[in-house]
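Architecture at a glance
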Amino acid sequence: MAIDRVISGQPLNEVEESFNISLRPKSLDECVGQCSVKDKLSIAIAAARQRSEPLEHILFHGPPGLGKTTLANVVANEMGANIRCSSGPAMAKAGDVMGLLSNINTGDILFIDEIHRLSTPVEEFIYPAMEDFRVDFTVDSGLHAKTINFPLKRFTLIGATTRAGLLSAPLRSRFGMLYHLDFYSAEELTAILVRSAELLQLHCEDGTLELIADRSRGTPRVANRLLKRVRDYAQVKGSGLLSTAIVENALAMEQIDTLGLDEMDRAFLRALVNVYDGGPAGIDAIAATLGEERDTLEDVVEPYLLQTGFLRRTRRGREVTKAACKHLGLKFHKAKDTAAQPELFEQDQQ
Ligand code: ADP
């Protein structure tokens, strides 16, 4: 599955997750980028601390790997609060949530990753918990059914989602703060890599971390992951020092091109050009052509292609852009009903 890609924003496995945790910033000051979100959070945290009150509920949304979990942990640290973590799919029944909520103390943080995947009954169960800090729990059924009203301590729920659009309006409206995380600039990613390289005690030649940053798709998790691959390569094929040649060779081995596109991105664009004449094509049709899941394409492939201007999403479907064809050396067809002459970009023009 595409989730196994090196440049996927999602964690690949537990080993990698522990590697990420060791690089995860602990305070707002250590976090690079996302300045406007950090400014707003630091005001909210300072105000809540002055009033000795828990924070309002917070929702972080944006593509995977941009720092939603990191910020939730940073908020907990800055508030001096405990954090309990779960995820939408793990909270299958109201009973699972009850277990979590009943053990929560005043000011604690409950972090729910992939909150858009909560089932409707669980979502409805947590509405009163978020709004009035109580839950209504039904025991028994039929004639003997009883609703128990269970008061909770005042806590802060932090939700994270890659799909804010899938959140129901009632759930969304119960968050006091909603923040979108943006892709990081190459300079910000370089700063993240400098910090990671220091923590990992890596020796790097000038300009090498910039090379990795340029290919990290605006995503810190990808930057750290590529750094790890380059570190392995440098250790086995060289002396451990990160030189330009080592970085170039390691990234070429991973089939990551100069803009950070991997084989999956290129296959997506090629399918759009070769099978659908450049589009418009529906996402389900493209997913079927590639043998991938629609969700994977929407979460992990499309955001970066849209951001780089290689893909357009229109009401009629996905369309490839001239820039994408130029990058891949493919023939460009303008969207079907706009009657334009196809233009040719030869491979050797690049
Ligand atoms: P998400 O929850 O959005 O998928 P994470 O919070 O797990 O992303 O972030 C992935 C990794 O990227 C973290 O382990 C951390 O090392 C790094 N990271 C994320 N945001 C930042 C940041 N602002 N500054 C430095 N490193 C970051």
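Residues numbered from 1 in each chain as written. Predicted model: local features only at pLDDT ≥ 70, side-chain atom pairs only at ≥ 80, totals over all residues. Heavy atoms only, no water.

Describing the sheet that holds strand β1 (residues 58-61)
Pairing within the open sheet is parallel, and its five strands lie in the order β2-β3-β6-β1-β7. Each edge of the sheet is formed by a strand with only one pairing partner; in this case those strands are β2 (83-87) and β7 (177-180). Each strand of the sheet is rotated relative to its neighbour by a mean of 15°, with strand direction disregarded. Note: β1 against β7, four bridges, orientation parallel. Bridging from a neighbouring strand, Leu59 pairs with Leu178 of β7. (Pairing = 2+ DSSP bridges. Helix = DSSP H or I, 4+ residues; strand = E, 2+ residues; numbered from the N terminus. Axes fitted to C-alpha atoms, helices over the stretch in contact; angles between N-to-C directions.)

Here's the deal with the site of the ligand
The immediate surroundings of the ligand are formed by 18 residues, with Arg24, Gly65, Thr69, Thr70 and Arg221 found nearest. Contacts to the ligand include Lys68, whose side-chain N or O atom sits 2.8 Å from an oxygen atom. Elements that contribute at least two residues to the shell around the ligand include exactly α1 (14-23), α3 (68-79) and α9 (220-237). For the shell around the ligand, the class distribution of residues is nine nonpolar, six polar and three charged. Here the shell around the ligand gathers at least three residues from each of two domains, domain 1 (2-180) and domain 2 (186-253). (Near = heavy atom within 4 Å. Polar contact = N/O pair within 3.5 Å; in protein donor to acceptor, adjacent residues only side chain to side chain. Nonpolar A, V, L, I, M, F, W, Y, C, P; charged D, E, K, R; others polar. Domains from an automatic or database assignment.)

Considering a negative patch on the surface
Taken together, the side chains of Glu187, Glu205, Asp206, Glu210 and Asp214 make up a negatively charged region of the molecular surface. Secondary-structure assignment places Glu205 in the loop between α7 (186-199) and α8 (208-214). Taking relative accessible area as the criterion, Glu205 reaches 36% and is therefore assigned partly exposed. (Patch = residues over 30% accessible without salt bridge, like charges linked within 9 Å, V, L, I, M, F, W, Y side chains within 5 Å. Areas by Shrake-Rupley, 256 points an atom, 1.4 Å probe, with all protein chains shown as cover. Salt bridge = Lys/Arg side-chain N within 4 Å of Asp/Glu carboxyl O. Lys, Arg positive; Asp, Glu negative; His and termini not counted. Charge placed at Lys NZ, Arg CZ, Asp CG, Glu CD. Buried < 20%, exposed > 50% of the residue type's maximum accessible area, 1.4 Å probe, protein only.)

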